Amino acid sequence: MNLSLPAWVYSNDEFFALEKDVIFRCAPQLVCHESDIPNPGDYETFTFLNRDAFVIRTSGGSVRAFYNVCRHRAHRLLSGDRGNCGHRIVCPYHAWSYSSEGALTGVPYIEEYEGLSMSDYGLVEIEHEIYFGFIFIRFGSDDRSVADWLAPVSAELSLYQLPQVVSIAERAHHQVRANWKNGADNYIDALHVRVAHPGLNGLLNKSYGITAASDEVFRLEGQVKDVLGKSELARRYHECLPVVPHLPESHQKSWLYFLIWPNLMFNLYPDQVEFMQFLPVDANHSVIRYGTYAVPDDRPAMQEARELNIALNVEVGDEDMALISSVQRGMENDCFGQGPQIGRAHV
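Residues numbered from 1 in each chain as written. Predicted model: local features only at pLDDT ≥ 70, side-chain atom pairs only at ≥ 80, totals over all residues. Heavy atoms only, no water.

Undergrad: Any details on the packing of helix H7 (residues 232-240) against helix H8 (residues 300-331)? Residues and values, ideally.
TA: Following both chains from N to C, one finds H7 and H8 inclined at 150°, their axes separated by 9 Å at the closest point. Viewed along their axes, H7 and H8 adopt a mutual orientation that is roughly antiparallel. The crossing of H7 and H8 is left-handed. Of the residues in H8, those in contact with Leu233, Arg236, Tyr237 and Cys240 of H7 are Ala301, Glu304, Ala305, Leu308, Asn309, Ala311, Leu312 and Glu315. Grouping the amino acids of the contact of H7 with H8 by side-chain chemistry returns eight nonpolar, one polar and three charged. (Axes fitted to C-alpha atoms, helices over the stretch in contact; angles between N-to-C directions. Helix = DSSP H or I, 4+ residues; strand = E, 2+ residues; numbered from the N terminus. Parallel < 35°, antiparallel > 145°, perpendicular 65-115°, else oblique. Left-handed = near helix turned anticlockwise from the far one by under 90°. Contact = heavy atoms within 4.5 Å. Nonpolar A, V, L, I, M, F, W, Y, C, P; charged D, E, K, R; others polar.)

Quick look at the structure:
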């Protein structure tokens, strides 16, 4: 019988330190979509494992990524999840200012800094890549591009017109007392949907399961069929979901999920798409971060479907956060070592 990972790796600080270096140091992290920062000075911030970053639309229209750290006294430069800084990034501590391209352009009382060369103190740039309109950064160098990393899912991602999508909901961040691996394990556990998610299971009518997997990618899918159970959200969504012109027949009723190792997920629905991330904080805590996007479509039926989809997924998200928090707590009991691994058809 195959067994799960031992419980200690979900709460051990030394193991988590190893994960940070081996797994996450060079792993691409999705920050936002290009449509989130359409105008010069628009930015979105991102924090990952105590590293603060931001991506910005420059005065020339390009996208750049930098550490969100002033080169003077390391104060945080840009606040909030997103905003617009105009044509200058100004530190709130001593008013050092930078261009949107990262060059240091202003130092009040510069005569007080003997021998200061402004050209030596531009912002520290972070490697970034844009793929299907989404902006990825990484804090360490890797020979493999984001395009190569996502190659196993690119054919299906291309069906959803991702470069044209815009955000339709506020960015969400949920702190959860659970190791990031518990979040990932739960995401690819198709069997629990039948027990713990009555609304989702009713919508997909027991059709949900893993359909393909590789060493780094899991693909799960369910079809919106005749609704089971008593979920009003599921029933109304099933009834109002309109035809989506850009999707093939095979994906008109598909709820499709990808987990790409280590911590990125795409949830692809006929009416909208989501990205999700399990962002590790420490060995026992994570942040679940996600964004919701859609191709502009003002049909009333589509608007209703999207509202119902979001409401249903809020329900599922609340259920999942309770589940993985309980699992995390249970794994900290001495009585639990390992459990039987579900067959590959389900996980």
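Undergrad: Could you give an account of the packing of aromatic side chains, naming the residues involved and the relevant values?
TA: For the structure shown, the criterion picks out 20 aromatic pairs. Ring geometry for Phe54 and Phe66: centres 5.7 Å apart, planes at 40°, overall tilted. Of the two residues, Phe54 is situated in strand E3 (residues 51-57) and Phe66 in strand E4 (residues 63-67); the sequence distance between them amounts to 12 residues. A relative accessible area of 1% places Phe54 in the buried class. Among the residues examined, Phe66 registers a relative accessible area of 1% and is labelled buried. Members of the aromatic cluster, each reached through a chain of ring pairs, are Tyr187, Tyr208, Tyr237, Trp255, Tyr257 and Tyr269. One Lys or Arg, Lys181, reaches over the ring of Tyr10 and ends 5.1 Å from the middle of that ring. (Phe/Tyr/Trp six-rings, centres within 6.5 Å; stacked < 30°, edge-to-face > 60°. Buried < 20%, exposed > 50% of the residue type's maximum accessible area, 1.4 Å probe, protein only. Lys NZ or Arg CZ within 6 Å of the ring centre and 35° of its normal.)

Undergrad: Got a sec to walk through helix H4 (residues 180-187)? Specific residues and values, please.
TA: Of all eight residues in H4, seven are buried, a share of seventy percent or more. Inspection of H4 places Trp180, Lys181, Asn182, Gly183, Ala184, Asn186 and Tyr187 among the buried residues, and these make up the whole buried set.

Undergrad: Could you give me a rundown of the pairing of strand E18 (residues 285-294), with the residues and numbers involved?
TA: Among the 10 residues of E18, nine are classified as buried, and the element is accordingly described as predominantly covered. Bridge count for strand E11 (residues 166-167) against E18 is two bridges, and the pairing is antiparallel. Along E18, the bridge assignment pairs Val166 with Ala294. Taken together, the five bridges between strand E12 (residues 172-176) and E18 define a ladder with antiparallel strand orientation. By the bridge assignment for E18, Val176 is matched with Ser286. Bridge count between strand E17 (residues 273-282) and E18: nine bridges; the pairing is antiparallel. The residue of E18 that forms the bridge with Pro280 is Ser286. Hairpin connection, E17 to E18: the antiparallel pair is bridged by two residues. (Pairing = 2+ DSSP bridges.)

From the geometry alone we can't say anything about function, so treat these as descriptive.
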